[in-house]
Amino acid sequence: MKYNSTAYKFFTIFNYILLAFLAFTCIMPMLHILAVSFSSKAAANANLIKLLPIGFTIDAYAESIGNRYFMKAFEIGLARTIVGPVISMLVTVMAAFALSKESAQFKYRNMYMWFFVFAMFFNGGMIPTYMVIRSLKLLNSFWVLILPLALNVYNLILLINFFRTSVPKALEEAAYIDGASHIRTLFNIFLPVAIPAIATLTLFNIVIHWNSYFDGLIYMTHRENYPLSTFLQTIVVSENFSATGLTADQVKHISERTLKASQIFLSVIPVLLVYPFLQRYFVKGIVLGSIKE
Amino acid sequence: MEHNLLTMKRSNKLKRTRKDYQLHLLVLPAVVLALLFSYSPMFGLVIAFQNFKPARGFFRSDFIGLENFKVLFSSSDIYQIIFNTLFFALTKIVILLLVPFVFALLLNEINRMYFKRTIQTLVYLPHFMSWVILGGILVDMLRLDGGFINQIIQMVGLKQVFFLGNGNWFRFTIIITAVWKEFGFSAIVILAAISGIDPTLYESAYMDGSTKWQQCRYITMPCLVPIMVVVGILSLGNILNADFDQIFNLYNGLVYDKGDIIDTYVYRLGLLQANYSVSAAIGMFKSVVSFIVIIIGYGLAYRIAKYRIF
């Protein structure tokens, strides 16, 4: 199909330029921060930096990596980002398998579904949830970063639909005839088939856990327990140093621009690393989740 | 209901219960989590009707009925806050339907695959960054006297803008940055939908001598509108949420009047000022209204496009 009008040619040129510009605006902030993080303190404070470093130095990074509070928070963030999705996927896959059976097979299936769907629509809110966490003695515990996020009903529903549509009934029946229990069927048949879907959901889960800061903020009273996101929030964004017990000098030092920039960039690195994998499973995952008639 | 081996009546009742218990076991962890973190907080909502004092606990704090709600709705603050919340939510819903839509249409016209893929990859990057990261970057870039954006503005000869400190500019900034963050990701979904449109439609239109614009107007758009409508209706369910993370990480005392939303107010009132009862009251109000809107939304989506959640 060929389109040769001059109007179309103008449009095409305009289109390429516009899209390139939009894509550029999406990475420009990252480039700016990257540049600030590699620049000298003087240049940063003089607001000279645009998109390239001035007075190239890795001092800011050396200092951030040497800062034990930052590294402790990094560790905690990493730990929750590994443990969290694993536990979440385990819970979700098991439940999705059971709930993908029709109600003729699994008598209470519909009751469970309504149970979960209602929880998705209505919740107690910030304060009551905080009180529950407190009475469960989860405040300041590592598990408060994992457990509340473990059950994601959207993921559950996606997986249920996937199990129903992508595993041939014949396969299931064959296993049943051969005397396989439900648990065996799950692990030996459904799981291998579902790897792309599970991989996609896990990757999204990883990003959510890494970026999650609010739970750390309200449920941890000691800053040593902060995951990285929360640490960044208090130091870099809200500059709320009250919980940190730092001296005035230390405070002034930490709010220094290149230091902040390096901390910001260090915390984006894991997301950037996961990004190409996200890409690969991405469109499949989106088609899974998009509207189906 | 199809008859197959799996749904045949099992004459041996013992055999069924032995098998079924495994399924219950598999759902059990999820049920426990839901009970602990979704359902038990609902009981905590009772403090919205009490004059709650943590020392006295749930059972011994005075029950004061709707007092908290009366106090809440008699102060003028709450109306401004609800207005802000709705303003942000609705504006974002509308713009986040239009911008990705147009962007997807434009991107679809690109024929060089490597250009198209590169743009796609770059454009949905902001979606995966948290508002903590973006907040840190934007606070730096949007500041007066030295922020990158203001420097560019001044180079062009205009006056500096106090993006995050002036109420109206704050609203503008919130909307623009929210769209900037999400448009790429939303466009991917729309692109997926576009690629699902039957190509023979376009071929026959070409045969009939149509222009690109006509094809877009009469084929692409009508095929996409149903999906967009459904997405729009479903996102209404979120209408009172208006993205707490973004506002929380970008706001400050100067813009409370125009920028505060329900959730940020609840946070300050409840967790910072320890005014638990009133805070829970607002939270409950929000949950109930959201719930109603979601039910209506999903009901509409079902009527219009037969979309079911399960």
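Residues numbered from 1 in each chain as written. Chains lettered and ligands numbered in written order. Predicted model: local features only at pLDDT ≥ 70, side-chain atom pairs only at ≥ 80, totals over all residues. Heavy atoms only, no water.

It is not clear to me how the overall build of chain B should be interpreted in this structure. Could you clarify?
Scanning chain B from N- to C-terminus turns up 14 helices and 2 strands. Judged by the C-alpha coordinates and their principal axes, chain B covers about 80 × 80 × 30 Å. In chain B, which comprises 310 residues, the proportion classed as buried is 51%. In chain B, 61% of the contacts between residues at least 6 apart in sequence involve partners at least 24 apart. On chain B, roughly 15,500 Å² of surface is accessible, and the fraction owed to carbon and sulfur atoms is 65%. Each charge class in chain B was averaged separately, 27 positive and 17 negative side chains, and the resulting centres sit 10 Å apart. (Helix = DSSP H or I, 4+ residues; strand = E, 2+ residues; numbered from the N terminus. Buried < 20%, exposed > 50% of the residue type's maximum accessible area, 1.4 Å probe, protein only. Contact = heavy atoms within 4.5 Å. Areas by Shrake-Rupley, 256 points an atom, 1.4 Å probe, with all protein chains shown as cover. Lys, Arg positive; Asp, Glu negative; His and termini not counted. Charge placed at Lys NZ, Arg CZ, Asp CG, Glu CD.)

What exactly am I supposed to notice about the environment of A:Leu52 here?
Among the secondary structure elements, A:Leu52 is positioned in the loop between α2 (41-45) and α3 (59-66). It is 43 Å that separates the C-alpha atoms of A:Leu52 and A:Leu151, two residues lying 99 residues apart in sequence.

Which parts of the structure should I look at to understand the packing of aromatic side chains?
When we look at a pair of aromatic rings, we describe it by the centre distance and by the angle of the planes. Tallied over the entire structure, the rule returns 43 aromatic pairs over all chains. Judged by centre distance (5.3 Å) and plane angle (85 degrees), the ring pair of A:Phe163 and A:Phe190 falls under edge-to-face. Here A:Phe163, found in helix α8 (residues 153-166), pairs with A:Phe190, found in helix α10 (residues 182-193); they are 27 residues apart in sequence, far enough to count as distant. Grouping residues by exposure puts A:Phe163 and A:Phe190 together as buried. Between A:Tyr275 and B:Phe128, the ring centres sit 5.8 Å apart and the planes meet at 75 degrees, which makes this aromatic pair edge-to-face. Of this pair, A:Tyr275 sits in helix α15 (residues 257-289) while B:Phe128 sits in the loop between α5 (113-123) and α6 (131-141), each in a different chain. The pair formed by A:Tyr275 and B:Phe128 is uniform in burial state, with each residue classed as buried. What links up through ring pairs into an aromatic cluster is the set A:Tyr213, A:Phe214, B:Phe244, B:Phe248, B:Tyr251, B:Tyr256 and B:Tyr267. Note that A:Arg223 overlies the ring of A:Tyr69, its terminal NZ or CZ placed 4.3 Å from the centroid. A cation sits over an aromatic face here: B:Arg171 above B:Phe87, 4.9 Å from the ring centre. (Phe/Tyr/Trp six-rings, centres within 6.5 Å; stacked < 30°, edge-to-face > 60°. Lys NZ or Arg CZ within 6 Å of the ring centre and 35° of its normal.)

Just to check I follow, could you spell out the interface of chain B and chain A for this structure?
Interface size, as often reported, equals the accessible area lost upon joining of the parts. Taken together, the contact pairs 99 residues of chain B with 102 residues of chain A. Buried surface at the junction of chain B and chain A, both sides included, amounts to about 9,800 Å², of which 76% is carbon and sulfur. Taken together, the links from chain B to chain A amount to 1 salt bridge. For B:Asp140, the salt bridge goes to A:Arg257, with nearest N and O atoms at 2.9 Å. Applying the counting criterion to the chain B and chain A interface returns 16 residue pairs in polar contact (both at pLDDT 80 or more). In terms of residue count, helix α1 (residues 13-44) of chain B provides more of the side of chain B that touches chain A than any other element does, 21 residues in total. (Buried area = accessible area lost by both parts, 1.4 Å probe. Salt bridge = Lys/Arg side-chain N within 4 Å of Asp/Glu carboxyl O. Polar contact = N/O pair within 3.5 Å; in protein donor to acceptor, adjacent residues only side chain to side chain.)

Can you help me understand the state of the cysteines in this one?
Simply put, disulfide is the name for a covalent bond between the sulfur atoms of two cysteines. All names here are of chain B. Under the definition given, this model contains 0 disulfides over all chains. Cysteine cysteine 216 is unpaired, with the sulfur of cysteine 223 as its nearest cysteine sulfur at 11 Å. According to the relative accessible area criterion, cysteine 216 is buried, its value standing at 12%. (Disulfide = S-S within 2.5 Å.)

What should I look at first to understand the nonpolar core in this one?
Soluble globular proteins tend to bury their nonpolar side chains together. A:Phe116 and A:Phe163 are the most contacted members of the largest nonpolar core, which totals 178 residues. Of the residues forming this core, the biggest block, 13 residues, is contributed by helix α4 (residues 68-100) of chain A. Not counting residues within four places of it along the chain, the set of residues in contact with A:Phe116 comprises A:Leu99, A:Leu151, A:Val153, A:Leu156, B:Val27, B:Ala30, B:Val31 and B:Ala34. (Core = buried A, V, L, I, M, F, W, Y, C linked by side-chain atoms within 4.5 Å.)

What am I meant to see in the packing of helix α9 (residues 169-177) of chain A against α10(A) here?
The description of two helices packed together rests on the angle between their axes and the distance between the axes. All names here are of chain A. α10 packs onto α9 with a crossing angle of 145 degrees between their chain directions and a minimal axis gap of 11 Å. Along this stretch, α9 crosses α10, giving a crossing that reads as right-handed. Touching Leu171, Glu172 and Ala175 of α9 are Thr185, Ile189 and Phe190, all from α10. For the contact of α9 with α10, the class distribution of residues is 4 nonpolar, 1 polar and 1 charged. (Axes fitted to C-alpha atoms, helices over the stretch in contact; angles between N-to-C directions. Left-handed = near helix turned anticlockwise from the far one by under 90°. Nonpolar A, V, L, I, M, F, W, Y, C, P; charged D, E, K, R; others polar.)

Before we go on, may I ask you to explain a nonpolar patch on the surface in this structure?
All names here are of chain B. Where nonpolar side chains cluster on the molecular surface, the patch consists of Val225, Val229, Val288, Ile292, Ile296, Leu300 and Ile304 and spans about 570 Å² of accessible area. Secondary structure elements with two or more residues in the nonpolar patch: α10 (212-236) and α14 (276-305). If one sorts the elements of the nonpolar patch by residue count, α14 sits on top with 5 residues. The topology assignment puts valine 225 in helix α10. With relative accessibility at 44%, the residue valine 225 sits in the partly exposed group. (Patch = residues over 30% accessible without salt bridge, like charges linked within 9 Å, V, L, I, M, F, W, Y side chains within 5 Å.)

In this structure, what is going on with the side chain of B:Thr121? I would like to understand it.
Among the structural elements, B:Thr121 can be located in helix α5. Look at B:Thr121 and you get buried, because its relative accessible area is 19%. Beyond its immediate sequence surroundings of up to four residues, B:Thr121 is in contact with A:Tyr275 and A:Gln279.

I keep staring at the pattern of salt bridges and nothing clicks. Help me out?
For side chains bearing opposite charge, pairing can occur when the charged atoms are close. Residue and element names in this part refer to chain B. Following the criterion strictly, the structure yields 12 salt bridges over all chains and no others. Ionic pairing is found between lysine 70 and glutamate 67, a salt bridge with its closest N-O pair at 3.7 Å. Note that lysine 70 and glutamate 67 are positioned in helix α3 (residues 67-74) at a spacing of 3 residues, about one turn of the helix.

Teacher, can you tell me more about the confidence of the model for chain A here?
The predicted structure's coordinates, where accompanied by low pLDDT, should not be read in detail. Residue and element names in this part refer to chain A. Averaged over all residues, the pLDDT of chain A is 84; the fraction at 70 or higher stands at 89%. Confidence scores differ between elements of chain A, with helix α14 (residues 248-254) showing the lowest mean pLDDT of 67 and α4 the highest of 93. Taken as a whole, residues 289-293 scores under 50 in pLDDT and shows 9 contacts with residues more than four places along the chain or in a different chain. (pLDDT = per-residue confidence, 0-100.)

I'm lost on the side chain of A:His32 in this one. Help?
Here A:His32 is to be found in helix α1 (residues 6-37). With near-sequence residues (within four places) excluded, A:His32 lies in contact with A:Ile49, A:Lys50, A:Leu51, B:Asp140, B:Met141 and B:Phe148.

I keep staring at helix α7 (residues 148-155) of chain B and nothing clicks. Help me out?
Residue pairs spaced three or four apart in an α-helix point in one direction, given the helix's 3.6 residues per turn. Of all the residues in α7(B), the buried ones are B:Phe148, B:Asn150, B:Gln151 and B:Ile153. Elements that come into contact with the buried residues of α7(B) comprise α1 of chain A together with α6 of chain B. Phi turns positive one or two residues past the end of α7(B), at B:Gly157, with a value near 105 degrees.

Please clarify how unusual backbone geometry should be interpreted in this entry.
Trans is the prevailing form of peptide bonds, just as negative phi is the prevailing case for residues other than glycine. Residue and element names in this part refer to chain A. Phi at lysine 137 takes a positive value of approximately 60 degrees, unusual for a residue other than glycine. The topology assignment puts lysine 137 in the loop between α6 (126-135) and α7 (147-150). Accessibility expressed as a relative area gives 70% for lysine 137, which makes it exposed.

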